[in-house]
Amino acid sequence: MAFRWKNDLTHADVTPENAWLNRRQILAGAAGLGIGAIAGPVMASDGLEPNTLEEITSYNNFYEFGTDKGDPKRYAGALTTEPWSIEIDGMVDRPGTYDVTEIMEQMTIEERIYRFRCVEAWSMVIPWNGFELADLLALAGVQDRARYVAFETLYRPDEMRGQRFPIIEWPYVEGLRMDEALHPLTIMATGIYGKPLPNQNGAPIRVVVPWKYGFKSIKSVVKITLTDDEPPASWNRLQPREYGFYSNVNPNVDHPRWSQATERKIGGGLFSKRIPTLMFNGYEEEVARLYEGMDLTRYF
Ligand SMILES: Nc1nc2c(c(=O)[nH]1)N[C@H]1C(S)=C(S)[C@@H](COP(=O)(O)O)O[C@H]1N2
Ligand SMILES: [Mo]
């Protein structure tokens with residue numbers, strides 16, 4: 001497959017997003033974020049056009065703020081994201097509380113233009129800024145016996161009004177197998193279009209795993225635990241027959257209540273039409289080896 005994930009294309013080549021037309025503005029924005037540099041490979045989405053910032057920030061799933069697609073934009077402004085720290089514990093050499101500003105000072109922030117596919121069969125193309133999860137885990141020093149990484153979202157019902165209702169068991173939790181967590185495509189996102197991550201997208205820091213359904217990309221992370229047991233995952237715990245632990249994007253394995261063969265890309269208005277869903281969301285060349293020999297209908 002000719003899917004290209006390392007090249008010189010930035011989304012400034014493929015989108016008119018104003019803030020990004022001027023290279024100096026990009027660097028100024030980086031300074032404003034306390035980021036040392038923007039460097040490294042850009043992962044473009046092979047001709048797919050990134051969604052606008054307006055689309056990416058107006059149509060969201062973030063049940064901590066409500067279940068309507070517009071609720072996160074409407075209510076996530078109430079969330080205080082500074083200061084913010086991530087507790088890293090479990091099977092690591094240096095467990096502790098890591099301040100996000102200090103983490104970011106040690107990381108190289110890259111731009112990654114990724115496809116994003118929700119299990120509900122809609123999709124976007126999002127130009128994230130962030131760093132590889134592997135680099136964060138290296139700060140804490142992963143021990144050999146660790147086999148999984150567990151993640152937890154903030155629990156703060158005062159500011160997250162959705163948490164006052166028992167929609168899911170709070171806090172939202174997710175998990176990855178170690179090789180998935182260490183894969184270079186897996187990032188901690190801290191921005192979109194060079195701006196700090198908007199609250200409705202999981203500020204100040206969230207996971208992005210582009211070959212899995214969107215719910216694996218847990219938002220507003222406050223805790224990371226290295227473990228030797230498969231960790232609980234919120235949607236899997238709620239409805240294991242419908243949402244597997246792996247939840248790799250797979251057009252050949254339908255959700256019990258709908259087809260996963262196609263998706264509706266957000267935007268495009270009247271002329272938007274369904275497009276085929278790609279195996280591993282288009283990242284097959286990069287990730288298929290992780291699942292060699294696994295029955296993907298059983299481990300869905
Ligand atoms: N904490 C938390 N993380 C979450 C969710 C959520 O409700 N709470 N929703 C998930 C789902 S279903 C999707 S599709 C994506 C949506 O990300 P976006 O709003 O940035 O597009 O976030 C995922 N991460
Ligand atoms: Mo989703």
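Residues numbered from 1 in each chain as written. Chains lettered and ligands numbered in written order. Predicted model: local features only at pLDDT ≥ 70, side-chain atom pairs only at ≥ 80, totals over all residues. Heavy atoms only, no water.

Asks: Before we go on, may I ask you to explain the confidence of the model for the chain in this structure?
Replies: Residues shown with low pLDDT carry predicted positions that ought not to be read at fine detail. A residue-level look at the chain finds 84% of positions with pLDDT of 70 or above and a mean pLDDT of 88. Across residues 1-9, confidence stays below pLDDT 50; counting only partners more than four residues off in sequence or on other chains, it has 31 contacts. Taken together, the stretch residues 11-45 has pLDDT below 50 and engages in 71 contacts with residues farther than four places along the chain or on a different chain. (pLDDT = per-residue confidence, 0-100. Contact = heavy atoms within 4.5 Å.)

Asks: Please clarify how the site of ligand 1 should be interpreted in this entry.
Replies: Taken together, 17 residues lie around ligand 1, and Asn60, Tyr63, Glu64, Thr153 and Lys219 are the ones closest in. At a separation of 2.8 Å, an oxygen atom of ligand 1 approaches a polar backbone atom of Tyr63. With respect to ligand 1, the side chain of Glu64 contributes an N or O atom lying 2.8 Å from a nitrogen atom. The fraction of the free accessible surface of ligand 1 (540 Å²) that becomes covered by protein chains is 97%. Grouping the constituent residues of the shell around ligand 1 by class yields eight nonpolar, six polar and three charged. (Near = heavy atom within 4 Å. Polar contact = N/O pair within 3.5 Å; in protein donor to acceptor, adjacent residues only side chain to side chain. Areas by Shrake-Rupley, 256 points an atom, 1.4 Å probe, with all protein chains shown as cover. Nonpolar A, V, L, I, M, F, W, Y, C, P; charged D, E, K, R; others polar.)

Asks: Where do I start with the nonpolar core in this structure?
Replies: One finds Ile88, Trp128, Phe131, Phe151, Trp211, Ile224 and Leu226 to be the most contacted residues of the largest nonpolar core, which totals 75 residues. Not counting the four nearest positions on each side in its chain, Trp211 is found in contact with Glu180, His183, Leu185, Thr186, Asn248, Val249, Phe280, Asn281, Tyr283, Val287, Leu290 and Tyr291. (Core = buried A, V, L, I, M, F, W, Y, C linked by side-chain atoms within 4.5 Å. Buried < 20%, exposed > 50% of the residue type's maximum accessible area, 1.4 Å probe, protein only.)

Asks: I tried to follow the side chain of Gln200 on my own but got confused; where do I start?
Replies: Mapped onto the elements of the fold, Gln200 is located in the loop between strand 8 (195-196) and strand 9 (206-208). Within the structure, the side chain of Gln200 is placed 2.8 Å from the backbone oxygen of Thr57, a separation counted as a polar contact. Not counting the four nearest positions on each side in its chain, Gln200 is found in contact with Thr57, Asn60, Phe62, Pro72, Lys73, Ala76 and Lys219. (Helix = DSSP H or I, 4+ residues; strand = E, 2+ residues; numbered from the N terminus.)

Asks: Help me out: how do you make sense of the pairing of strand 2 (residues 96-99) in this one?
Replies: A regular strand carries its side chains on alternate faces of the sheet. Where strand 1 (residues 85-90) and strand 2 come together, four bridges link them in antiparallel fashion. By the bridge assignment for strand 2, Ile86 is matched with Tyr98. From the end of strand 1 to the start of strand 2, which pair antiparallel, there are five residues. (Pairing = 2+ DSSP bridges.)

Asks: When you look at the pattern of salt bridges in this model, what are you seeing that I'm missing?
Replies: Any two side chains of opposite charge can pair, so long as their charged atoms come close to each other. Taken as a whole and judged by the stated rule, the model has 13 salt bridges. The partner of Glu120 in a salt bridge is Lys69, with the nearest N and O atoms 3.1 Å apart. With a gap of 51 residues between them, Glu120 in the loop between strand 3 (110-117) and strand 4 (122-132) and Lys69 in the loop between helix 2 (53-58) and helix 3 (71-75) connect regions that are remote in the sequence. We classify Glu120 as partly exposed; its relative accessible area is 33%. A salt bridge links Glu159 to Arg156, with the nearest nitrogen and oxygen atoms 3.0 Å apart. Classification of Glu159 by relative accessible area gives buried; the value is 18%. (Salt bridge = Lys/Arg side-chain N within 4 Å of Asp/Glu carboxyl O.)

Asks: Looking at this structure, I do not really get the sheet that holds strand 1. What am I missing?
Replies: As a general point, the strands of a sheet are linked pairwise by backbone hydrogen bonds and lie either parallel or antiparallel. Strand order across the open sheet formed by five strands is 2-1-10-5-6, with mixed pairing between neighbours. The outermost strands of the open sheet, each flanked by one partner alone, are strand 2 and strand 6 (173-177). With strand direction ignored, the average angle separating the axes of adjacent strands in the sheet is 20 degrees. As paired elements, strand 5 (residues 148-153) and strand 6 share five bridges and run antiparallel to each other. Within strand 6, the residue paired with Val149 across the bridge is Leu176. Each of strand 1, strand 2, strand 5, strand 6 and strand 10 (221-227) touches helix 5 (residues 133-140); the most contacted strand, strand 10, lies at about 70 degrees to it. (Axes fitted to C-alpha atoms, helices over the stretch in contact; angles between N-to-C directions.)

Asks: Help me understand the pairing of strand 7 (residues 187-192) in this model?
Replies: When you tally the buried positions in strand 7, you get six out of six residues, the bulk of the element. Alignment of strand 4 against strand 7, held across five bridges, turns out to be antiparallel. Directly across from Trp128, in strand 7, lies its bridge partner Ile192. As judged from the three bridges shared by strand 7 and strand 9, these two strands associate in the antiparallel manner. Following the sheet pairing, Ile187 is matched in strand 9 by Val208. Here strand 7 pairs with strand 8 via two bridges, running antiparallel. Of the residues in strand 8, the one forming a bridge with Gly191 is Pro196.

Asks: Just to check I follow, could you spell out unusual backbone geometry for this structure?
Replies: Here Glu82 and Pro83 are connected by a cis peptide whose omega angle stands at -5 degrees. By the element assignment, Pro83 lies in the loop between helix 3 and strand 1. At the junction of Ala203 and Pro204, the peptide bond is cis and its omega measures out at -5 degrees in the coordinates. Its place among the elements puts Pro204 in the loop between strand 8 and strand 9.

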